[in-house]
Amino acid sequence: MLNDFLAEFAPLLIQGTIDTLVMVFASTAVAYVLGTVLGVVLHLTAPDGLRPVPALNAVLGWVVNIGRSLPFIILLIALMPATEALVGTSTGVAGVIPPLVVATAPFVARMVEQSLAEVNRDTVEAAEACGASVPRIVFSALLPEALPSIVRGIAVTLIAVLGYTAIAGAVGAGGLGDIAIRYGYYRYEDGAMIATVVLLIALVQLIQSVCNFIARKVDHR
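A. How the structure looks around the environment of G61. Mapped onto the fold, G61 is located in helix α2 (residues 54–69). Judged by relative accessible area, which is 7%, G61 ranks as buried. For the pair G61 and L100, spaced 39 residues apart in sequence, the C-alpha to C-alpha distance is 20 Å. Other than its neighbours up to four places away in sequence, G61 contacts L42 and R110.

B. Representation of the packing of aromatic side chains. Evaluation of the coordinates by the stated rule reveals one aromatic pair. Between F72 and Y164 the ring centres are 4.8 Å apart and the planes differ by 15°, which places this aromatic pair in the stacked class. With F72 in helix α3 (residues 72–78) and Y164 in helix α7 (residues 134–168), the pair connects residues that are 92 residues apart, well separated along the chain.

C. Representation of helix α9 (residues 190–218) within the structure. With 29 residues, α9 ought to run about 42 Å at 1.5 Å a step, and its terminal C-alpha atoms sit 42 Å apart, in line with that. Of all the positions in α9, only A192, A195, T196, L203, I207, C211 and A215 are classed as buried.

D. Spatial organisation of the side chain of T28. You can see T28 is positioned in helix α1 (residues 2–45). Here T28 is in contact with T157, L158 and V161, once residues within four sequence places are set aside.

E. Summary view of the pattern of salt bridges. Going through the model one piece at a time under the given rule, you end up with three salt bridges. For E113, the salt bridge is made with R110, and the minimal N-O distance between the two is 2.7 Å. Here E113 pairs with R110, and both are found in helix α5 (residues 92–117), just three residues apart, close to one helical turn. The class of E113 is buried, set by a relative accessible area of 18%. Residues E125 and R121 are paired through a salt bridge, measuring 3.9 Å at the closest nitrogen-oxygen approach. With E125 and R121 both in helix α6 (residues 121–129) and four residues apart, the pair spans about one turn of that helix.

F. Quick peek at the nonpolar core. In terms of nonpolar packing, the biggest core is built from 24 residues, with L13, F72, V96, L100 and A168 touching the most fellow members. What L100 contacts, discounting residues up to four positions off in sequence, is M23, S27, F72, V161, Y164 and T165. With 19 residues, the next largest nonpolar core counts Y32, L50, V124 and V134 among its residues.

Parameters at a glance
- Residues numbered from 1 in each chain as written.
- Predicted model: local features only at pLDDT ≥ 70, side-chain atom pairs only at ≥ 80, totals over all residues.
- Heavy atoms only, no water.
- Helix = DSSP H or I, 4+ residues; strand = E, 2+ residues; numbered from the N terminus.
- Buried < 20%, exposed > 50% of the residue type's maximum accessible area, 1.4 Å probe, protein only.
- Contact = heavy atoms within 4.5 Å.
- Phe/Tyr/Trp six-rings, centres within 6.5 Å; stacked < 30°, edge-to-face > 60°.
- Expected span 1.5 Å × (residues − 1).
- Salt bridge = Lys/Arg side-chain N within 4 Å of Asp/Glu carboxyl O.
- Core = buried A, V, L, I, M, F, W, Y, C linked by side-chain atoms within 4.5 Å.

And the structure:
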């Protein structure tokens, strides 16, 4: 029985796992570039930031909050025309990455902003006393000191995006979510459903463990 199941589903599950990992890590990488920039700007322009700009901070805050408030499945469908224009398709692995980035970047921005807010003020003041410019303070004081918290936030983000990819399977995005829906739901293949759940749980545990290990290594406090 097990051999028959593996013969039928092993190649499919392997490809689904690869597709899921590509979606998760590609979209998270792009989202972290955009989200980190947004988070830094939000921190710097806050009323008690290094360069307070209340109007800009309020506008960016509203944009981030709106992005975080939209359910992913709605965002995925709403962005289909833009996604197709951008990457040539609104389905498959490539078609789900742009919506994943849009959904994840605001989430990342808030986490980065919070991580920067936790940095000891004395560290920033010491850099200011040495005459460091704002970019120098960001790259030599704020981001290095906030790095352990940011790394732990990456684990949260990766796991959230992993959940998004499972949802995206409902509209033909591919990956483990697509397998669970096509075989576990529509065809009543209980083995396929159980296998995808086990693989998703294993990925969550692996992501969390690796990120915790890295966070401990970069935390010199």
